Amino acid sequence: MSELVPLLQTKNLTMRFGGVVANDDVNFTLGEMELRCLIGPNGAGKSTFFKMLTGQLTPTSGSVTFRTHSIAGHASHEIARLGIGIKTQVPNVFNEISVREHIWLAARRAHATGPRIREAVDEVLERARLTGIADAIVGQLSHGQRQWVEIGTVLAADPELILLDEPAAGMTDDETGRTAEIIREINRTKALIVVEHDMEFIKMIAKKVTIFHQGRILMEDDCAAVLADERVRDIYLGKKVAA
Amino acid sequence: MVGQGCKGASLVPVSGLQSGLVLTSYLKGIEMDLAVIVALDVVNGAASLFLLCLGLAIIFGMMRIINLAHGEFVMLGAYATVVSANAGLNIWIAMLVVAPAFVALVGLVVERCLIRFLYGRLIDSMLATWGLSLFIVGFVTTIFGNTTKGVPTPLGGFSVGAYRTSYYTLFLLAMALVAAGIIYALMRHTRFGLIARATMQNPEMAAKLGVNPARIYMMTFTLGAALSGLAGGLLAPVSGITPVMGAAYIAKAFITVVGGGAAILSGTVAASSLFGFINQLGAYFTTPVYGEVILFTSAIILIRLLPQGISGRFFKGQL
Amino acid sequence: MTRNHKLIAQALAVLVAIVVVALAPGYLDLFTVMQLTLFASMAVLSLSLAFIWGFGGILSFGQSAFFGLGGYAYAVAVGNFGDSTPAIVLAILVPALFAGALGYFVFYGRISDVYLGVITLTVTLILFNVVNSTAGNEYTIGSVRLGGFNGIPAIQTFNMPFDPSDILYPEHAWWVTGGLLIVVYLGLRLLIGSTFGRIAIAVRENETRAALLGYDPRLVKLGVFVIGGAIAGLAGALYVNWGAFVGPTIFSLSLSAEIIIWITVGSLGTLVGPILGCVLIQYLVSQIGTQQTFNSNLVLGVILVGFVLLLPKGIVLSIQQAFEHLAYWWGQRKSTLPSSSLDVPAMEGEKG
């Protein structure tokens, strides 16, 4: 673990909406090329945390540092240019644009020349298994396909850090397996933070897991240790009973 | 213009202490009178603006329907008043009963035939109501031509020192207060108000509770139309009545409601007071045309500074 | 139709348009040529909003503000310089700068789309009020009196570039106007196909996603808005050249409304549609003007409401869709996807 040179670090990160505290004093560190899973019940503050990392929300207080850049409160496009990519929870795509063009829009930021961009587009289409539907308009695809388009778009931008918010939601078992495979593959060269609810999925990919609860970090440990923890089971059981 | 004249006069050097004192106190009297008149103008401007906006505040503020035919609803209220008053009906009945009732009917028909197909389609509803506005202008022009005989301002006038003003100004203020009071009571203390507010926030949930959202939308739109008609009726005696008079109102009303923000009543009261004040003072120091320009410019700046409107900043969560 | 067929068809259409523009004065009487010149200048205006609304997703209710500024800038400049060449340049620059200032204020202020409509509408009213009250002699720019509600009469029309002694004949003015319409159309086609155009469409579709990919939506929208303002300004100069007159009603809300009607009728998201819609509606309004049975507002209102309720896609896209359905039923089932999704030339981002 390269804990000495953190890729991403938040200090005392706090987000309040009126009287509601969505994130409270979050101190989080991610190393280069690390793969981290975030879990926690709905409303634990995971999505708010992602939104602060990507400039969609300005933190009430605290700092976010990406390598040497302080990025809290910066505009989304500036942070994206520094090399943070995100797949949001709800498929966040361009409905009237083709799959290929999605990938192209992302790839042309990462690669300088035309031929290299085209190469990268074909590569990502293949990798995300989108080649067959490359010319389809994204608005007409199924939910699962749109998920893949967004994952492909994020990959094509070739960011240093990839945030995935519930990447396996709405996917078949087969697709979920493929997603886990891709995540491990990406992790050979890039760092990732993955939010998921599906424990089976987390077991497939996770090394280290961070638990969010009521806007705070409850614990941080190896996957097995976290899943065995009494408090974690309480949170999830409690949630299931309430639901 | 008058004000500048007075200020100029007070600077005139006067010979003799005695006459100087007399003149100064005389001029002070004039300035007092003038201040009262200007204050009445400001109140008048704010009250008229509020009346003009209330219907739109209901339709846009509550239902998020951008009704670009709002100005034409006001115009129809004015025409209903003028036509029935000129046909011999009592002017008060024409203003306070015929105008809102007629425009409520128009609103009902419009909602049933047009608006109800466009809920949730923001841009389409904007386009359709703009089409409706052109249609109403064309229709009224076809029937009445380009100008119409107005109605005289009722109630007569009174003097403040050397200036004369009309009791109608005070009446408009009273009507604005009454209208605000009625809407507050309706929204806050009646079954309809509660159901309407709940439906606008969450139609699915309201439907699960046994409310028919379509019916509530229809009633709310009709209420907004009736208030627009009332504004038209009340402004008829003090406006030039033409088929295109609505165009002058629509931008004013919209920018005021938007400037007011989400709290339809307190926001609209605050915004129309502020803009009415700016408009009248601007008109007083320059010309009425530049008064409007100053109003529009300051409204745009306000929206830029407070994108959530005045109430988004100061009266969060109120009515 | 494949994409290649489509491109060939479009190239042919442009070629036909060039031939029509070139030959029209030989076959039509002067009155008709003048009428067509008016339509063509309005069609340029239509394209300006078709671009910013259809491809930038920015619905401006005040496109006539830029049109009017272009017209006034031309009138004032040509009166002072005596040469139309720099006047036309200014007619493009002044509205573009104004659009830049207004756009910066709006887009960088995070003002939502709905409010954008209200603000553009209000700005148009401000311009109308201000220009309308410049009747006095003190309101002159250089040697040109603004004239308030009377407007500026007898404006010098276009001359050969840098040769003020050679004023264009109406036929020449038609060639210039019709030619510029084609140039603007082609320029916009190229722009929409370019990287900037694709990014603009991406921003229209999903601002958040575009920002998360590293594109600045504010800057992109500002660029689109400024280009739209510049084109509207050019249209203003063409319009003034046609009538040799400009007055404050050029800033009227009814003109702004009419532009929106042209585009809604023709098909939002295309470039051909708004030209077609513009010419159709203009022709209709001029026909209504010649007889007294119907009021033009009445007819325009019915048309707009009718299209929004019954044919919201507009003429061009509806016809295209009908053809695609026909082709589909003819049995051209090559793919598992509906043919309509594959026929759209997505890389151009334009639907028609």
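Every residue gets a number counted from 1 within its own chain, in the order that chain's sequence is written. A letter from A marks each chain and a number from 1 marks each ligand, given out in the order of writing. Local features in this predicted model are restricted to residues whose pLDDT is 70 or higher, and side-chain atom pairs enter the listing and the counts only when it is 80 or higher, whereas totals over whole chains, interfaces and linings include all residues.

Attention shifts here to the overall build of chain A. Tallying secondary structure elements over chain A gives nine helices and ten strands in all. Here the radius of gyration uses the C-alpha set of atoms, whereas the globule reference equals 2.2 Å times the residue count to the power 0.38. The C-alpha atoms of chain A give 18 Å as radius of gyration, which agrees with the globular expectation for 243 residues (18 Å, within 12%). Principal-axis analysis of the C-alpha atoms gives chain A an extent of 50 × 40 × 35 Å. Scored against the burial criterion, the 243 residues of chain A give a buried share of 48%. Long-range contacts, defined as pairs at least 24 residues apart, comprise 64% of the intrachain contacts of chain A with a sequence gap of at least 6. The numbering of helices and of strands both runs from the N terminus, where a helix is a DSSP run of H or I of at least 4 residues and a strand a run of E of at least 2. For every residue, the other C-beta atoms within 10 Å of its own C-beta are counted; 20 or more classify it as buried, 12 or fewer as exposed, and values in between as partly exposed. C-beta atoms are placed from the backbone. A pair of residues counts as a contact when their C-beta atoms, built from backbone coordinates, are within 7 Å of each other.

Moving on, we come to the sheet that holds strand β2 (residues 20-31) of chain A. All names here are of chain A. Two strands pair under a simple rule: DSSP has to find at least two bridges between them. The antiparallel open sheet is built from four strands, whose spatial order is β2-β1-β4-β5. Of all the strands in the sheet, the pair left with one neighbour each is β2 and β5 (69-70). Sheet topology places strand β4 (residues 61-66) next to β5; two bridges connect them, and they run antiparallel. Its bridge partner being in β5, T65 is matched across the sheet by S70. Note on geometry: axes are lines fitted to C-alpha atoms, helical ones only across the stretch in contact, with angles between N-to-C directions running from 0 to 180 degrees. The sheet strands contacting helix α1 (residues 46-53) are β1 (6-17), β2 and β4, and the helix crosses β2 at an angle near 65°.

Between all two pairs of chains that are in contact, chains B and C come out with the most contacts. In this structure chain A stays clear of chain B, and the shortest span between their C-alpha atoms is 10 Å.

Quick look at the domain arrangement of chain A now. Residues and elements named next belong to chain A. On domain assignment, one finds that chain A holds domain 1 (1-82 + 163-170 + 193-243) and domain 2 (84-158). Listed as interface residues are 14 residues of domain 1 and, on the opposing side, ten residues of domain 2. Within the residue set of the side of domain 1 that touches domain 2, elements represented by two or more residues are α1, α2 (76-82) and β7 (161-165). Its residues assigned to classes, the side of domain 1 that touches domain 2 comprises nine nonpolar, three polar and two charged. Residue ranges assigned to each domain were obtained from an automatic or database domain assignment. Polarity classes work like this: nonpolar for Ala, Val, Leu, Ile, Met, Phe, Trp, Tyr, Cys and Pro, charged for Asp, Glu, Lys and Arg, and polar for all others, with Gly in that last group.

Residue and element names in this part refer to chain B. Relative to each other, helix α3 (residues 70-86) and helix α4 (residues 91-113) sit at 135°, their axes nearing to 8 Å. Classified by the interaxial angle, the pair formed by α3 and α4 is oblique. Between α3 and α4 the crossing geometry is right-handed. Across the interface between the two elements, F73, L76, G77, A80, T81, S84 and A85 of α3 pack against I91, A94, M95, V98, A99, P100, F102, V103, V106 and G107 of α4. Looking at the contact of α3 with α4 residue by residue, the class counts come to 13 nonpolar, four polar and no charged. If an angle is under 35 degrees, it is roughly parallel; if it is over 145, roughly antiparallel; if it lies from 65 to 115, roughly perpendicular; otherwise it is oblique. Crossings are classed by handedness, with left-handed meaning an anticlockwise turn of the near helix from the far one by less than a right angle and right-handed meaning a clockwise turn.

Before going further, it helps to examine the pairing of β4 of chain A. In regular strands, side chains alternate between the two faces of the sheet. Residue and element names in this part refer to chain A. In this sheet, β4 lies alongside β1 in antiparallel orientation, the contact comprising five bridges. When the sheet's bridge partners are listed, L8 is paired in β4 with F66. Hairpin geometry of β4 and β5 is characterised by an intervening segment of two residues between the two adjacent antiparallel strands and by a positive phi of about 55° at R67.

Residue pairs spaced three or four apart in an α-helix point in one direction, given the helix's 3.6 residues per turn. The end-to-end C-alpha distance of helix α5 (residues 122-144) of chain B is 33 Å, a good match for the 33 Å that 23 residues give at a rise of 1.5 Å each. Downstream of α5 of chain B by one or two residues, G145 of chain B has phi in the positive range, about 80°. A helix's residues, less one, multiplied by 1.5 Å, set its expected span.

It is worth spelling out the sheet that holds strand β10 (residues 216-222) of chain A at this point. All names here are of chain A. Here six strands make up an open sheet; going across it, the order is β6-β7-β8-β3-β9-β10 and the pairing mixed. Each edge of the sheet is formed by a strand with only one pairing partner; in this case those strands are β6 (84-87) and β10. With strand direction ignored, the average angle separating the axes of adjacent strands in the sheet is 20°. Pairing of strand β9 (residues 208-213) with β10 involves six bridges; the strand directions are antiparallel. Its bridge partner lying in β10, F212 is registered against I217. Contacting β6 and β7, helix α5 (residues 143-156) crosses the sheet at an angle of about 175° to β6.

Now for the interface of chain C and chain B. Taken together, the 32 residues of chain C in the interface contact 35 residues of chain B. If you list the elements that add at least two residues to the side of chain C that touches chain B, you get α5 (113-132), α10 (253-266) and α12 (296-310) of chain C. The biggest single contributor to the side of chain C that touches chain B is α5 of chain C, with eleven residues.

The subject of this paragraph is the nonpolar core. Residues V44 and L47 of chain C are the most contacted members of the largest nonpolar core, which totals 286 residues. A per-element tally of this core places helix α9 (residues 217-243) of chain C first, with 16 residues. No fewer than three residues from each of domain 1 (1-82 + 163-170 + 193-243) and domain 2 (84-158) of chain A sit in this core. Every residue in contact with L47 of chain C, bar those within four places of it in the chain, is listed here: V184, Y185, L188, I231, L271, P274 and I275 of chain C. Put simply, a nonpolar core is buried Ala, Val, Leu, Ile, Met, Phe, Trp, Tyr and Cys residues tied into one set by C-beta atoms within 7 Å.

Turning to the interface of chain A and chain C, a few remarks are in order. At the interface, 23 residues of chain A touch 20 residues of chain C. Of all the elements in the fold, those that place two or more residues in the side of chain A that touches chain C are α2 and α3 (99-110) of chain A. For the side of chain A that touches chain C, the per-class residue count stands at ten nonpolar, eight polar and five charged.

Moving on: the confidence of the model for chain C. All names here are of chain C. The predicted model of chain C averages 87 in pLDDT, with 92% of residues at 70 or higher. Mean pLDDT in chain C bottoms out at helix α14 (residues 339-343), which sits at 40, and peaks at α9, which reaches 96. Between residues 336-352, whose pLDDT stays under 50, and residues either more than four places distant or in other chains, the model counts 45 contacts. What the predictor reports for the complex is a pTM of 0.87 with an ipTM of 0.88. Note on scores: pLDDT gives the predictor's confidence for each residue, bounded by 0 and 100.

Quick look at the packing of helix α6 (residues 170-193) of chain C against α9 of chain C now. All names here are of chain C. Taken N-terminus to C-terminus, the directions of α6 and α9 make an angle of 165°; their axes are 11 Å apart at the nearest point. In terms of their interaxial angle, α6 and α9 are classed as roughly antiparallel. Crossing hand, α6 versus α9: left-handed. Within the contact between the two elements, α6 uses A173, T177, L180 and V184 and α9 uses I231, L234, L238 and N241. Residues belonging to the contact of α6 with α9 are distributed by class as follows: six nonpolar, two polar and no charged.

Helix length check: helix α11 (residues 264-285) of chain B (22 residues) gives 31 Å between terminal C-alpha atoms against 32 Å at 1.5 Å per residue, within 8%. Within α11 of chain B, 16 of the 22 residues are buried, which leaves the element mostly enclosed by the surrounding structure.

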